[in-house]
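Commentary on secondary and tertiary structure
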Amino acid sequence: QVQLVESGGGLVQAGGSLRLFCAASGSIFSINDMGWYRQAPGKQRDLVAVITRGGSTDYADSVKGRFTISRDNAKNTVYLQMNSLKPEDTAVYYCNALAVTVVAGTISESDFWGQGTQVTVSS
């Protein structure tokens, strides 16, 4: 129904920057919240940042002041600008969208996930 495709991950030295990009496509009527989560090896998937359709944002304490989430509603895209990266930011980053879809006349709201993009920060 809805596909999320992420890009922008990679290997960077501590103190460096990366910009993640996620585009949503499919049977989309509208997208409410969009966000980024991350999962390090052996750990649970945690929220990094979220942005509402109206542009309100929230961040994990560990990334406040370093990461910035933004979105383009017309393009169904969300971005994560990551600055001052630390080794502890190393994880697979997943894009998430709370999307409203219309399939065969049925309207529903569901969570959708991207496949993940690896971010590795070396010390």
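In short, a report on the structure. Model, not experiment: these values are computed from the prediction. (Residues numbered from 1 in each chain as written. Predicted model: local features only at pLDDT ≥ 70, side-chain atom pairs only at ≥ 80, totals over all residues. Heavy atoms only, no water.)

**Looking at a nonpolar patch on the surface**
- Among the surface-exposed residues, Phe29, Val102 and Ile107 lie close enough to one another that they form a single nonpolar patch of about 320 Å² accessible area.
- Relative to the helices and strands, Ile107 resides in strand E10 (residues 106-113).
- In this structure Ile107 comes out as exposed when scored by relative accessible area, which is 59%. (Patch = residues over 30% accessible without salt bridge, like charges linked within 9 Å, V, L, I, M, F, W, Y side chains within 5 Å. Areas by Shrake-Rupley, 256 points an atom, 1.4 Å probe, with all protein chains shown as cover. Salt bridge = Lys/Arg side-chain N within 4 Å of Asp/Glu carboxyl O. Helix = DSSP H or I, 4+ residues; strand = E, 2+ residues; numbered from the N terminus. Buried < 20%, exposed > 50% of the residue type's maximum accessible area, 1.4 Å probe, protein only.)

**As for the state of the cysteines**
- Under the counting rule described, the total for this entry stands at one disulfide.
- Each disulfide pairs two cysteine sulfurs, and for Cys22 the partner residue is Cys95, the sulfurs being separated by 2.1 Å. Disulfide Cys22-Cys95: torsion about the S-S bond near -80°, hence left-handed. Remark: Cys95 occurs in strand E9 (residues 91-103) and Cys22 occurs in strand E3 (residues 18-26); sequence separation between them is 73 residues.
- Using a relative accessible area of 0% as the deciding quantity, one classes Cys22 as buried. (Disulfide = S-S within 2.5 Å.)

**Section: the environment of Ser25**
- Structurally, the position occupied by Ser25 is in strand E3.
- Among the residues examined, Ser25 registers a relative accessible area of 37% and is labelled partly exposed.
- Sequence separation between Ser25 and Val5 is 20 residues; the distance between their C-alpha atoms is 8.5 Å.
- In contact with Ser25, other than residues within four places in its own chain, are Gln1, Val2 and Gln3. (Contact = heavy atoms within 4.5 Å.)

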